[in-house]
Amino acid sequence: MLELEARAQQFLASIKAEGERQCADIRQKTDAEIDAALAEVKKTETARAESTVAFETARARTQANRALSAARTEARAALAARRAALADETFAAARAKLADFTRTDAYGPWLRQSAAALAKRLGEGTVIRARAADLTLLGKAPAGCTLQADEGIALGGLRAENPAKALAADDTLEARLAAQRPWFLENAGLEIAL
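Here the structure is a predicted model, which is why all the values come from computation and not from measurement.

Engineer: Would you explain unusual backbone geometry in this entry?
Structural biologist: Peptide bonds are mostly trans, and most non-glycine residues show a negative phi. At Ala 166, a position not held by glycine, the phi torsion is positive, near 55 degrees. Relative to the helices and strands, Ala 166 resides in the loop between strand S3 (157–162) and strand S4 (167–172).

What follows is the structure, encoded as structure tokens:
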């Protein structure tokens, strides 16, 4: 009976050892599967996180570019408005100086010289128009030309036309001043660069 008990003990020990070995194998396989599953989840989540970071970075960059573009547009508009205001102030001052010029003794000779130049350029049959107040400064019309009052001329100067030749010229002070505006804006150093 002792022998039978020893064999039973050995048999139980063998079964126990086999059970522990199988448990260890199951634990090892389970750990390997868990590690593989975790690695796959980690890989998937890392890819998702990188995609989200890339998307959010691109979105933030786009929003920043839009904001920068809007700020630049606003700044350009403000600069353009300031540039226009400076030009308007300058041309208002120039207009006032021209109005003062029409009240000086130099205006009459300038007006007569302008009439002679218009008559020469447009030829015989030219109608020269001036403000009613300026007709007395002109005196008589250049040869082959006629003088007429034109209340559409506000500041001073002359308009002329030769209907027979279909020619016209505007030598009013307003026209001369308006012709200077593009040159002024180009050369006054009031660039808009952002």
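Moving on, there is more to tell.
Engineer: How should helix H1 (residues 2–101) be read in this particular structure?
Structural biologist: Helical geometry note: an α-helix holds 3.6 residues per turn, so side chains three or four residues apart project in the same direction. The end-to-end C-alpha distance of H1 is 144 Å, a good match for the 148 Å that 100 residues give at a rise of 1.5 Å each. Of the positions making up H1, those classed as buried are Ala 87, Phe 91 and Ala 99. If you follow the buried residues of H1, they end up packed against helix H4 (173–187).

Engineer: Sorry if this is basic, but what is going on with the pattern of salt bridges here?
Structural biologist: If the charged atoms of two oppositely charged side chains come close together, the side chains can form a pair. For the coordinates displayed, the defined rule picks out 11 salt bridges. The partner of Arg 159 in a salt bridge is Asp 170, and the shortest N-O contact between them spans 3.7 Å. Of this pair, Arg 159 sits in strand S3 while Asp 170 sits in strand S4; the two residues are 11 residues apart in sequence, bridging distant segments of the chain. Among the residues examined, Asp 170 registers a relative accessible area of 41% and is labelled partly exposed. Taken together, the shared-partner salt bridges in this structure form one network comprising Asp 150, Arg 159 and Asp 170.

Parameters at a glance
For every chain, the first residue of the written sequence is number 1, and numbering continues from 1 onward in sequence order. Selection of residues for local features in this predicted model requires a pLDDT of at least 70, selection of side-chain atom pairs for listing and counting requires 80 or more, and totals for whole chains, interfaces and linings are taken over all residues. Only heavy atoms go into the side-chain values, all of them from the structure, while hydrogens and water stay out. Runs of E in the DSSP output that reach at least two residues are strands. Runs of H or I that reach at least four are helices, and both are numbered from the N terminus. Here a helix's expected span is defined as the number of its residues, less one, multiplied by 1.5 Å. Only protein chains enter the accessibility calculation, which uses a 1.4 Å probe; a residue is then buried when its area is under 20% of its type maximum, exposed when over 50%, and partly exposed in between. The criterion used for residue contact is that any of the two residues' heavy atoms lie within 4.5 Å. Should a side-chain nitrogen of Lys or Arg be within 4 Å of a carboxyl oxygen of Asp or Glu, the pair is scored as a salt bridge.

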